[in-house]
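# Structural features, examined
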Amino acid sequence: MTSTGPQTGRSGPARRDRRGRGVRGPLAWPAVPAMATRRQQFDDLVLDSAARLETRLGPSFQELEFAVEDVPPTDPAPWEREGAPLGRAFPSHGKTPARIVIYRRPIESRAESQRELTAIVQDVVVEQVAALFNLPPGDLDPRYDDGS
């Protein structure tokens, strides 16, 4: 005798409870942008901004690390009294490479749209890299907007 109803054995499909609920798959696959979190999207903006500068700086860019943190530390530098910093540049020390840290939450709080967020991230990355290499930001990236 064969059964025409749903399988209930262990070798059958994933079990559902008596209301037809149970294990379900994702709504979108991981490669779909809908699955990227805001944090991942922000990280991608920083990487894209950094990649634009790579061709201008050449080999010295390879020794530079980028990091994204949610918020800056609670102990601001003396010159940062006017508000939360958007990023910081740390020069290399010994074997530790130079590092640029971008702060996600202060930047997101200033942006009103995705386009503005992209522009702010690009400007902050350019400013920090320029400060680290002692260059004017406009020389590093002609699209840099100094806000004036």
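To keep things clear, this report deals only with the structure shown in the data block. (Residues numbered from 1 in each chain as written. Predicted model: local features only at pLDDT ≥ 70, side-chain atom pairs only at ≥ 80, totals over all residues. Heavy atoms only, no water.)

Okay, the pairing of strand β3 (residues 98-103) next. The buried fraction of β3 amounts to five of the six residues, a majority that puts the element mostly inside the structure. Bridge count between strand β1 (residues 64-69) and β3: six bridges; the pairing is parallel. Pairing of L64 across the sheet is with A98, part of β3. Direction of pairing for strand β2 (residues 87-90) relative to β3: antiparallel, over a ladder of four bridges. (Buried < 20%, exposed > 50% of the residue type's maximum accessible area, 1.4 Å probe, protein only. Helix = DSSP H or I, 4+ residues; strand = E, 2+ residues; numbered from the N terminus. Pairing = 2+ DSSP bridges.)

For helix α1 (residues 38-57), spanning 20 residues, the distance from its first C-alpha to its last is 29 Å, which sits close to the expected 28 Å at 1.5 Å a residue. Among the residues of α1, F42, L45, V46, S49, A50, L53 and L57 are the ones counted as buried. Positive phi appears at G58, one or two residues downstream of α1, with a value of about 70 degrees. (Expected span 1.5 Å × (residues − 1).)

Read across the open sheet, the three strands follow the order β1-β3-β2; overall the sheet is mixed. Both outer strands of the open sheet, β1 and β2, are each paired with one neighbouring strand and no more. If you compare each strand with its neighbour and ignore which way they point, the axes differ by 15 degrees on average. Across the sheet, α1 touches β1 and β3, and the angle it forms with β1 is around 155 degrees. (Axes fitted to C-alpha atoms, helices over the stretch in contact; angles between N-to-C directions. Contact = heavy atoms within 4.5 Å.)

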